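# A structural walkthrough
One letter stands for each residue in the lines below.
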Amino acid sequence: MSKNQALLLDRDGVINVDNGYVGTIDRFTFMPNVFPFLRTARDYGYRLAILTNQAGVARGYYSKEDFEALTEHMLNVMKKESIEIEFVLACFEHDEGTDPAYARQSFWRKPKPGMVLEAVRRLNADPERSAFLGDRLTDMQAAEKGGIGHRLLLTQDLPEVPAGVEVVKTYDEVLDLLNYF
Ligand SMILES: [Mg+2]
């Protein structure tokens, strides 16, 4: 059985505007043009999943229930836009957290690859032919350690780009690349 191609997506700064610790619906705004981008990626055959660090829970800025309500809202809106997201993985832990339930290190927290490995397993994805789109170097590091063949950094400024990372400025640039993976 041939394996799936996956497009793994960071959330803040990729799906929604990164307002910093976005944990509630009132602070959540979709990025402009994200819906047609995701529909097209799906049309290309990529299965979509979202992988997000949510240390705001460990830090007590918002609760796991807030996050889950926000996720339900996000997925409902996307469904109405005909976008199928397979699942959302989130890491609530942080070793400097104030909530003792989540104040610890986690293999799921990017730049560690736990969420990437879990997503690849759940999707039965071919990691070499899959892509990760994120807006931070920690996303790229998690993707690399998780064996993802195509690592795309969505950013407007050009940081020092590590080897093996493609910088993209727009969703259209991402789609151009996805055609060839
Ligand atoms: Mg981000």
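Here, the structure is the one placed above.
Residues numbered from 1 in each chain as written. Predicted model: local features only at pLDDT ≥ 70, side-chain atom pairs only at ≥ 80, totals over all residues.

Counting secondary structure elements, the protein contains six helices and six strands. Starting at the N terminus and walking to the C terminus, you meet the elements of the protein as β-α-β-α-α-β-α-β-α-β-β-α. Its C-alpha atoms give the protein a radius of gyration of 15 Å, within 12% of the compact-globule value 16 Å for 181 residues. In terms of its C-alpha atoms, the protein occupies a principal-axis envelope of roughly 45 × 40 × 35 Å. Sorting the 181 residues of the protein into buried and exposed places 38% on the buried side. Counting only contacts in the protein whose residues sit at least 6 apart along the sequence, the fraction spanning at least 24 positions is 63%. (Helix = DSSP H or I, 4+ residues; strand = E, 2+ residues; numbered from the N terminus. Rg over C-alpha atoms; globule rule 2.2 N^0.38 Å. Buried ≥ 20, exposed ≤ 12 C-beta atoms within 10 Å, placed from the backbone. Contact = placed C-beta atoms within 7 Å.)

Strand order in the open sheet formed by six strands is β3-β2-β1-β4-β5-β6, with parallel pairing between adjacent strands. With one partner strand each, in any of the chains shown, β3 (85–91) and β6 (165–168) form the two edges of the open sheet. On average, each strand axis in the sheet is inclined to that of its neighbour by 20°, with strand direction left out of account. The pairing of strand β2 (residues 46–53) with β3 spans six bridges and is parallel. Bridging from a neighbouring strand, Asn 53 pairs with Cys 91 of β3. Running at roughly 130° to β2, helix α1 (residues 34–43) makes contact with β1 (5–9) and β2 of the sheet. (Pairing = 2+ DSSP bridges. Axes fitted to C-alpha atoms, helices over the stretch in contact; angles between N-to-C directions.)

The next point concerns the environment of Pro 36. Along the chain, the position of Pro 36 falls in helix α1. When the 13 C-beta atoms within 10 Å are taken as the criterion, Pro 36 is described as partly exposed. When the C-alpha atoms of Pro 36 and Tyr 171 are compared, they prove to be 9.2 Å apart, with 135 residues separating the residues in sequence.

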